[in-house]
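Close look at the chain arrangement
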Amino acid sequence: MPPEVDVDCPRDDDALLASLERADPYLLLDPSWRIVRVNESTERATGRTRAELVGRILWEAWPEMRVEPSAYVRELERCMRERLPVRFEEHFRPTSMWTEVTATPTPSGGLFATFRDVTPRKRAEARARAAEEEVAQRERELERVLALSPDLVVEIGRDALLLRGNPACAKLLGRSVEELVGHPCTEHVHPDDRELMRAQVERALAGAPSPVRFVVRVLGREPGDLRWVSFDASADPGADRLVAVGQDVTAERGRSELEQQLIGIVSHDLRNPLSAIDLAVHALLRRGDLDPRTRAVVLRIQSAVGRGIALIRDLLDFTSARRPGGIPIAPQPLDLHAVVAAAVQELVSAWPGREVRVTSAGDAVGSWDPARIEQLVQNLVSNALKYGDPERPVEVRTLGGARWVRIEVWNAGAPIDPALLPHVFEPLRRAARTGDVGGVRGVGLGLYIVDHIARAHGGTVDVVSAEQAGTTFVVRLPREPPAPPEGEGGDASDGDAV
């Protein structure tokens, strides 16, 4: 039984308090702030018994309340003084608990205060505030990064609507970020490029597996202010917005176009005199009155002219490959087995003493450009003859599958340097292996052109190279060149076991 306390506590209060014994913790205080009664919940919450609390002044039981005045002091005193109910939340230090306090004046002049533990909620709110602050901090950091970035960074929604842009974007367009946000970004794109940009934005939002890259002309504020901008755009699957990073490539594009024009001009201007020399050499060789010494000189001239013509052809193809649309092709029905065999037979005459074996299997009828296929094969076989073991034959295989055909060119000898292997199809790359034994010295464009011829047909080319297995280039071509979306190649994985 709780100790008897000599206080004026009406019987009605006793009945009410008895019903609250296991409710929220409470304190019943008399007008002098003496604790008159507590319940079991108060004992559990404070870790003190009734004997330790009942009969003591509130501030004596918990002097911490007055050391640092808090809502307990302020609000409870207001309730006692003004006889008005109060409700507040406060951290109760003695028990490290957040409490929601409701205090009501009692008829006897004291007050009745209940305490509800709201620590879980307050901690959840604190975590939410911390998370919000962390997000806000990251947002501020992102804004600083965007402000410092020399690249254009934009967030684009459906219908190419600009949702966000950084200062670099605003500077390029000659407008403030506020002027740009909320309007379609196509408003600032050259009219001829707007449909391209809308299509690429929708393609990225549709879940393209890799960043979508496209180049458009962007209009500045001033008339005639036109810039070429290359964008890389990416979006999460199912998202309704994407992020795109753009770079001003106007200067680079101008240099590239100039380089291509120069290459084209030089190549065309060189090809005409070389062709004339080649015709003259052929005319001389058809004469039957050349002495052996003169004939040998003419043959050396013919070989040099051939190298020059081959180099010009590579330079022209390099120029074409770098332009929109890539290397042009003129497909027609043909048997790939026959085209490959003829290309090899024509080539081997320039490699006396070397053996090239040609084998074929399966149906290889389809639609390809015969001149380009011949060029592809001769580039690969020349590469194998130059870098392969001269004591071992080069092997060329053509194999027909259900929807695809394969051309394989294999040679024995030193493998391709593993560091170079990922870059063999890049322009101006030459393997440092056995030199240019017996062949035409190149400038590192042969495999680059092979790759682009394969792409133009919707196919692929790959290479594997190892010490014991040798080096094998594998070209896979569909029977019918596809019509892929702009800038895209076909998928060469159909499961044919060829």
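Everything that follows concerns the structure shown earlier in this document.
Here is a short report on the structure shown in this document.

Each value, and the rule that gives it
Residues numbered from 1 in each chain as written. Predicted model: local features only at pLDDT ≥ 70, side-chain atom pairs only at ≥ 80, totals over all residues. Heavy atoms only, no water. Phe/Tyr/Trp six-rings, centres within 6.5 Å; stacked < 30°, edge-to-face > 60°. Helix = DSSP H or I, 4+ residues; strand = E, 2+ residues; numbered from the N terminus. Buried < 20%, exposed > 50% of the residue type's maximum accessible area, 1.4 Å probe, protein only. Contact = heavy atoms within 4.5 Å. Pairing = 2+ DSSP bridges. Axes fitted to C-alpha atoms, helices over the stretch in contact; angles between N-to-C directions.

This part covers the packing of aromatic side chains. Scanning the model with the defined rule gives 8 aromatic pairs in all. Centre to centre, the rings of Tyr72 and Phe115 are 6.5 Å apart; their planes meet at 35°, and the pair counts as tilted. One end of the pair, Tyr72, is in helix α6 (residues 71-82); the other, Phe115, is in strand β5 (residues 111-117), and 43 residues separate them in sequence. Ring centres 5.6 Å apart and planes at 25° place the aromatic pair Phe214 and Phe231 in the stacked group. Residue Phe214 is located in strand β8 (residues 212-219), and its partner Phe231 is located in strand β9 (residues 226-234); the two are separated by 17 residues in the primary sequence. Here the aromatic residues Trp62, Tyr72, Phe88, Phe92 and Phe115 are joined through ring pairs into a cluster of three or more.

For the rest of this paragraph, the subject is the side chain of Ser382. Relative to the elements of secondary structure, Ser382 occurs in helix α14 (residues 370-387). Here Ser382 falls in the buried class, since its relative accessible area comes to 18%. Look past the residues within four positions of Ser382 in its chain and what remains in contact with it is Leu347 and Trp351.

Further remarks concern the sheet that holds strand β12 (residues 356-361). With respect to topology, 5 strands assemble into an open sheet ordered β12-β14-β15-β17-β16, the strand pairing being mixed. Edge strands, defined here as strands with exactly one partner in the open sheet, are β12 and β16 (460-466). Geometrically, the sheet is characterised by an average inter-axis angle of 15° between neighbouring strands, direction not taken into account. Pairing between strand β15 (residues 404-411) and strand β17 (residues 470-478): 8 bridges, direction antiparallel. Note that in β17 the partner of Trp410 across the bridge is Thr472. Its contacts with the sheet place helix α13 (residues 336-348) against β12, β14 (394-400) and β15, and it is angled at close to 175° to β12.

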